[in-house]
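For reference, the chains in residue letters:
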Amino acid sequence: MPASEPALGQIPDKPALEGLEAKWDSAWSEQGTYLFDRVRAAAVGREGVYSIDTPPPTASGSLHIGHVFSYTHTDVKARFERMRGKTVFYPMGWDDNGLPTERRVQNYYGVRCDPSLPYDTDFTPPFEGGDNKSSRAADQVPISRRNFIELCERLTVEDEKQFEALFRQLGLSVDWTQTYRTISDDAIRQSQLAFLRNIERGEAYQALAPTLWDIDFRSAIAQAELEDRDQQAAFHTIAFPFADGSGSIAVDTTRPELLPACIAIVTHPDGPHKHLIGTKVKTPFFGAEIEIHGHHLAQPDKGTGAAMVCTFGDVTDIIWWRELRTAGGEHLPNMTTIGLDGRFLPSAPSSVADQDAASWYADNLAGKTVFSARKAIVEKLQETGDMTAVGKPFNHAVKFFEKGDRPLEIVSTRQWYIRNGARDGHLRDELIGRGKELSWHPDFMRVRYENWVGGLTGDWLVSRQRFFGVPIPLWYALDENGDRDYDRVLVPDAAALPIDPTIDAPAGYTEDQRGAPGGFDAEADILDTWATSSLTPQLAAGWQRDEELWNLTAPFDLRPQGQDIIRTWLFSTMLRSTLEDGRAPWRNAAISGFIVDPDRKKMSKSKGNVVTPADILASHGSDAVRYWAASSRLGMDAAFDPQNPTQVKIGRRLAIKVLNAAKFVLSFPVPEGAQVTHALDASMLTALDGVIRDATKAFENYDQARALEVTEAFFWTFCDDYLELVKERAYNQADVGQASAALALRLALSSLLRLLAPVLSFATEEAWSWFEEGSVHTAAWPDPLGIDGDPAVLSAASEALIGIRRAKTEAKASQKTPVSRAAIAAPAAKLDALRAAADDLRAVGRIVDLEFTEAADFAVTAIELAPAEEP
């Protein structure tokens, strides 16, 4: 039976979507609708909890339409599980630290960090409100590290307020009391603790090695943060003379400026120069004696078939440097020419044998950018005759930091790494096995994860030479000369965390020993932002801080995220959980597709085609935007045209119809003791049972698009056909079938509002409040009613109604025009169904005499309009 009759005064005369977001966000906050019920969770145990490892957006700018898209997918699932009776743990985090945040702060305030400067307690930035475009560092005011970090914290807090406001407007059912910041004291403590445990178990280590380096951010970059971009290049053919003076070998290179750092020539063992392997040559002009080596990665059909090995031009150079050996079995040398600022070092490498060449290097290359140095060397080699040709320009892929503006260089630096399976087959196999334990939605996304794990070429570089982030919690003992002893790493006690080693002193030392011989020196680097973000389950659920909460939520039920960060966020979280707990951190991974523009190009800031959601939400309403997002299946790209958002408009129409239909249905009072007795009413409710079963199964399978599709299709049948068919009976208090119709309408409305609630969160809540206590979002998910009916009755009646309407339209008559006689032909199997709905068909069609005849095909065979009444 339905709830008590609605207080009709609460239903607006003209229901509207405008204002619902503010109204219901306020109500949900006041009533605690989405709070995680810790007491109930403890009572029901882990299996009664549904926990979500929500993506923490980077607080360094503005949200875009892609955020709306993917976060809606998560919210729809959260709402479904909550209505199914689960205690939902749905936190929100803010990813504050990282290079994008620092760049935004630099441009927003017109400052840059100079760690050598003292802290200024009264510092005021030169301005506020920069446009977040790159600006020259020379124009930015240098400030101390502490001042810079304070500005980072100030701006991220403001960004987070804006993000939360937009997410609330969108209707995310997040528990806003369960939030975390990746730069808070708790997050720093947990991130530092996890890293120290990696060191303790031998999973984290330090090494001096070639490093991909961004010369603008002045920081090392990990493999997962790389992207290839097309850049113009040209082959330069250089003649390398044989050391015995007997001739030369021609070598093609796109980076002639690295000739001073050339340590070998490489050719394929089966290539055209295989007979020269082992031969000694000299670098032209610079005079370093080097050897020709064979290696399978050399391409015999590329250029002359011989290539320079330099330290370092690209990642292949690193492989050759590591794997090749001299005739005496020694490693090849590392001859560095490019500094951390991207400019050539003051002095030529020690391998440059010719003193005149070394002097020329100092006068013509030192301090030059890569571009200027290339120009100088090309001109010099053309002058000496050592460069025999310069080819036509062509485009080729060059490595960039995904958020950087200039190609990466490769420099040798000392960095911290975490083992990730790249050089450990057992760990790699374990990580792939963990991926197979997950349920992937869609399943084909698993392949991207496995391909990434199988294609790793090096361990995870986790140290960054930046300022705003989680400090690496270490110091180094200094020897009697004041130099770091890298074999004596000083580690804090876990109870002392969080720490900043640049401020705090290690146990057993005093502050006056900082930097002094025999004292200590702080690790100034911070952890990569992914080294903290890889711990989002731990940060959100109290690992090593609130063990009860951790045990109630971990491993999490869901990791929702974009496909482009499978290689970073998903993989790194899987790695940390495998190393720490020996298990996958979640049970399900839901991967959203990309948003593409009308030309099917992925939306991105770099392409300038990103759409910010504020205007769309304001113009069309949040339910309309949620509908657009929920209409797309996981893993599938969705097109969005801000000039003509067709799907958004369809969603708005549906949300408005929900309000209007609810008002109409609630206008029919349900008599006490009403029962469903009419065949058409039972038919509709039986069909609705099938929708409930299909939608429930779809939601369980993370297919919110399918759930919406079947529900929406039935809803329009309900409104356009069933409501029209029964409204005359529902109005007529004298009709014995009135109670059946009114009850069926109310039952259907209750179920439909709950079926649509995960998607149309505001319209359904508004309509629900007109006749039910509490929130639709904490109401029980609808179960099939089990009323015995024949779905064919509604189907046949709907088909007949369409035919009657069409016949009137073709007769150029109003749908309200009375009909003296109508005849409907139908197959025998449909006749009984039609007769069961005959009275409602007569009423809606205003038909006096309705006849049914058997025929092979369904058709309205006759319709006679009643004569117009005399005026």
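See the structure shown above.
Residues numbered from 1 in each chain as written. Predicted model: local features only at pLDDT ≥ 70, side-chain atom pairs only at ≥ 80, totals over all residues. Heavy atoms only, no water.

Participant: What am I meant to see in the packing of helix α20 (residues 704-731) against helix α23 (residues 791-810) here?
Facilitator: When two helices pack together, their arrangement is given by the angle between the helix axes and the distance between those axes. With their axes 10 Å apart at the nearest point, α20 and α23 run at an angle of 85° to one another. The angle between α20 and α23 falls in the class roughly perpendicular. Each of Thr717, Asp720, Asp721, Tyr722, Glu724 and Leu725 in α20 lies in contact with α23, whose residues at this interface are Leu794, Ala797, Ser798, Leu801 and Arg805. Grouping the amino acids of the contact of α20 with α23 by side-chain chemistry returns 5 nonpolar, 2 polar and 4 charged. (Axes fitted to C-alpha atoms, helices over the stretch in contact; angles between N-to-C directions. Helix = DSSP H or I, 4+ residues; strand = E, 2+ residues; numbered from the N terminus. Parallel < 35°, antiparallel > 145°, perpendicular 65-115°, else oblique. Contact = heavy atoms within 4.5 Å. Nonpolar A, V, L, I, M, F, W, Y, C, P; charged D, E, K, R; others polar.)

Participant: In this structure, what is going on with the sheet that holds strand β32 (residues 859-865)? I would like to understand it.
Facilitator: Paired through their backbone hydrogen bonds, the strands of a sheet run either parallel or antiparallel. Taken together, 3 strands build an open sheet; the order of strands is β31-β30-β32 and the sheet is mixed. Sheet topology places β31 (847-854) and β32 at the edges, where each strand pairs with a single neighbour. Averaged over all pairs of adjacent strands, the angle between strand axes in this sheet comes to 10°, irrespective of strand direction. In terms of strand pairing, strand β30 (residues 819-826) meets β31 through 7 bridges, oriented parallel. The residue bridging Arg821 from the neighbouring strand is Asp849, located in β31. Together, β30 and β31 form the strand contacts of helix α24 (residues 828-836), whose direction differs from that of β31 by roughly 155°. Sitting on the sheet, helix α25 (residues 838-845) is in contact with β30 and β31, with an inclination near 130° to β31. (Pairing = 2+ DSSP bridges.)

Participant: Please clarify how unusual backbone geometry should be interpreted in this entry.
Facilitator: What you tend to see is this: most non-glycine residues have negative phi, and most peptide bonds are trans. Residue Pro442 is reached from His441 by a cis peptide bond, and omega for that bond is 0°. In this fold, Pro442 is placed in the loop between β19 (439-441) and α11 (445-454). Across the junction of Leu497 and Pro498, the peptide omega takes the value 0°, indicating a cis bond. For Pro498, the location among the structural elements is in the loop between β23 (484-490) and β24 (520-522). Positive phi, normally seen in glycine, also occurs at Gln544, with a value near 60°. One can find Gln544 in the loop between α13 (536-541) and α14 (547-553). You will see that Tyr702, though not glycine, has its phi angle at about 60°, which is positive. Among the secondary structure elements, Tyr702 is positioned in the loop between α19 (679-700) and α20. Accessibility expressed as a relative area gives 10% for Tyr702, which makes it buried. (Buried < 20%, exposed > 50% of the residue type's maximum accessible area, 1.4 Å probe, protein only.)

Participant: What is the right way to look at the sheet that holds strand β16 (residues 387-390) in this model?
Facilitator: Read from one edge to the other, the open sheet built from 3 strands follows the order β11-β10-β16, with strand pairing classed as antiparallel. Two strands bound the open sheet, and with one partner strand each, they are β11 (248-253) and β16. Between one strand and the next, the sheet's axes are offset by a mean angle of 25°, whatever the strand orientation. When strand β10 (residues 236-241) meets β16, the two strands line up antiparallel, connected through 3 bridges. Looking at β16, one finds that His236 is bridged to Val390. On top of the sheet, helix α9 (residues 370-384) reaches β10 and β16; it is set at about 125° to β16, its chief contact.

Participant: Quick question: what am I supposed to make of the packing of aromatic side chains here?
Facilitator: For any pair of aromatic rings, geometry is given as the distance between the ring centres together with the angle between the planes. Within the structure shown, the criterion is met by 34 aromatic pairs. Plain terms: the ring middles of Phe80 and Trp781 are 4.9 Å apart, the flat faces sit at 85° to each other, and that makes the pair edge-to-face. Residue Phe80 is located in helix α3 (residues 65-83), and its partner Trp781 is located in the loop between α22 (761-769) and α23; the two are separated by 701 residues in the primary sequence. Here the two residues Phe80 and Trp781 agree in accessibility, since each one is buried. The structure contains a cluster of three or more aromatic residues connected by ring pairs, namely Tyr71, Trp94, Phe163, Phe167 and Trp176. It is Arg79 that lies over the ring of Trp28; its NZ or CZ is 5.3 Å from the centre. (Phe/Tyr/Trp six-rings, centres within 6.5 Å; stacked < 30°, edge-to-face > 60°. Lys NZ or Arg CZ within 6 Å of the ring centre and 35° of its normal.)

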